[in-house]
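Observations on the model geometry
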Amino acid sequence: MLENLTARPADKILALMAAYKADPRTEKVDLGVGVYKDASGNTPVMRAVKEAERRILADQSTKAYTGLAGDPAFGAAMRDLVLGDSVPAERIAAIATPGGTGAIRQALELIRIAAPQATVWLSNPTWPNHPSILKYLGMNMAEYTYFDSVTRDVNFDGMLADLRQVAKGDVVLLHGCCHNPTGANLTYDQMSQVIEILQEKGAVPFIDIAYQGFGDGLDADALITRQIARAFDNVLIAASCSKNFGVYRERTGVLMAIAKDADQQALTQQNLAFLNRQNYSFPPDHGARVVTTILTDPGLRADWEAELEETRNGMLALRQQLADELKRLTNSDRFDFIAQHRGMFSRLGATPEQVEEMRETHGIYMVGDSRINVAGLNADSVPILARAIVDAGV
Ligand code: PLP
Ligand code: TYF
């Protein structure tokens, strides 16, 4: 049997992680995989997470199964965090999933059941796992223009032109905030125009929000998601807790499906639970319980929000430092986009050859499309990166 297997393409981001580890140089800089790192290069367990885990360890009286949708308290807490009061709770179906990726996978499977012919539209570029999972599931996909490689901002006219080709019932995947891999995001007003087109076409929005709190703040980063939630009968939302709670390996995420009314919500909830059962039965609980504990305890929540703000402001300061350094070295403002971008990532707009040169000459590891993880920098490595960018002729 196993002789029938064929080799699979490696995940380029994860392969880069391995290449970085194998590099014997001590002066190397890891700007690859999207994991937050502090100035010493560590990915700490957040204070509130440690405390929540301590409480769970002390107080948890059973490890019996929860429910197919996970603990309903987790669904409710995440609903409030992501959607606020934009949509009545009775319209929202939710399941806990293994990470944001699990939520994306379940969302796509739900689409495959409910609208097997629908085309799922992805931004060009997007997180590589989006097309990879879609392809694996055998679903129809298409791309819409997103990034302008000259301005390093959103090519908004191109995006609108492509979205005008969307057919009734198609699904359009949008990043809720902090676009991965570019760092370029739509404004609220631009999103209003996108919403108008999608409504006119009868499309269904699907929002992937994996970095809430990493851009402009917890509520600011959810604005576009809430704006869309208010505007459509049906919306799918895959939210990840990996980054904003720093619980990457616990695999904590939620899929929310906004239904037209309470009856449709009940049917949707039942189908989501069914999908969990088909794939893994009960979703993982520990990370979800940590998140619920934090979000529902005012003290823990305040501490978590404070640490998240430190994280966010640290990344913003690194962006500003890099943009300033490049302004000084190039005597131009063409790298100002780095300070405008939001989230963990910026796409620099370097060629694959330039990316390679920066790796070989300076030991700087970024993804081949010239995406940098800003959190991989610190005050000392920013000038090294700026010098490498200039030397490579970016
Ligand atoms: N969506 C995007 C755009 C991401 O960058 C990530 C990355 O981690 C995820 C979803 C899912 O993350 P996880 O499955 O680790 O929660
Ligand atoms: O884009 C990133 O770097 C993060 C982490 O298969 C990640 O989203 C990368 C690849 C992958 C899973 C997560």
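Residues numbered from 1 in each chain as written. Chains lettered and ligands numbered in written order. Predicted model: local features only at pLDDT ≥ 70, side-chain atom pairs only at ≥ 80, totals over all residues.

Below, the discussion takes up the overall build of the chain. Regarding its fold elements, the chain presents 14 helices and 13 strands. When each of the 394 residues of the chain is scored for burial, the buried share is 47%. Once local pairs closer than 6 in sequence are excluded, the contacts in the chain between residues at least 24 apart make up 75%. (Helix = DSSP H or I, 4+ residues; strand = E, 2+ residues; numbered from the N terminus. Buried ≥ 20, exposed ≤ 12 C-beta atoms within 10 Å, placed from the backbone. Contact = placed C-beta atoms within 7 Å.)

Domains assigned within the chain are domain 1 (11-45 + 310-391) and domain 2 (65-296). Domain 1 and domain 2 are separated by 27 Å when their C-alpha centres are compared. Contacts between the two partners involve 20 residues from domain 1 and, on the opposite side, 23 residues from domain 2. Mapped onto the side of domain 1 that touches domain 2, the elements with two or more residues apiece are helix H11 (298-330) and strand E11 (345-347). The dominant element in the side of domain 1 that touches domain 2, judged by the number of residues it contributes, is E11, at three residues. Of the residues in the side of domain 1 that touches domain 2, the class split is eight nonpolar, six polar and six charged. (Domains from an automatic or database assignment. Nonpolar A, V, L, I, M, F, W, Y, C, P; charged D, E, K, R; others polar.)

For the rest of this paragraph, the subject is the sheet that holds strand E10 (residues 253-258). Strand order in the open sheet formed by seven strands is E2-E10-E9-E8-E7-E3-E4, with mixed pairing between adjacent strands. Of all the strands in the sheet, just strand E2 (92-97) and strand E4 (140-145) have a single pairing partner and so form its edges. For this sheet, the mean inter-axis angle between neighbouring strands, taken without regard to orientation, is 20°. In the sheet, strand E9 (residues 235-240) pairs with E10 via six bridges, with the strands oriented antiparallel. Residue Ala 238 lies in a different strand from E10, and its bridge partner there is Leu 255. Docked against the sheet, helix H3 (residues 72-83) engages E2, strand E8 (204-209), E9 and E10, running at close to 110° with respect to E2. (Pairing = 2+ DSSP bridges. Axes fitted to C-alpha atoms, helices over the stretch in contact; angles between N-to-C directions.)

Turning our attention to the site of ligand 2. Residues in close proximity to ligand 2 include Asp 11, Ile 13, Leu 14, Val 33, Gly 34, Trp 127, Asn 129 and Asn 180, which together make up its full environment. Three or more residues apiece are contributed to the shell around ligand 2 by two domains, here domain 1 (11-45 + 310-391) and domain 2 (65-296). (Near = placed C-beta within 6 Å.)

If you look at the biggest cluster of nonpolar residues, it comprises 112 residues, and the most contacted ones within it are Ala 107, Val 172 and Leu 255. The biggest single contributor to this core is H11, with seven residues. Discounting chain neighbours no more than four positions away, the residues touching Val 172 are Trp 121, Leu 163, Val 166, Leu 198, Ala 203, Pro 205 and Phe 206. (Core = buried A, V, L, I, M, F, W, Y, C linked by C-beta atoms within 7 Å.)

You can see Asn 244 is positioned in the loop between E9 and E10. Counting along the chain gives 32 residues from Asn 244 to Gln 212, while the straight-line C-alpha distance between them is 6.5 Å. Setting aside chain neighbours within four positions, we find Asn 244 in contact with Tyr 211, Gln 212, Gly 213, Phe 214 and Leu 308.

Our focus in this paragraph is the environment of Asp 80. Mapped onto the fold, Asp 80 is located in helix H3. Considered as a pair, Asp 80 and Lys 63 are 17 residues apart in the sequence and their alpha carbons are 26 Å apart.

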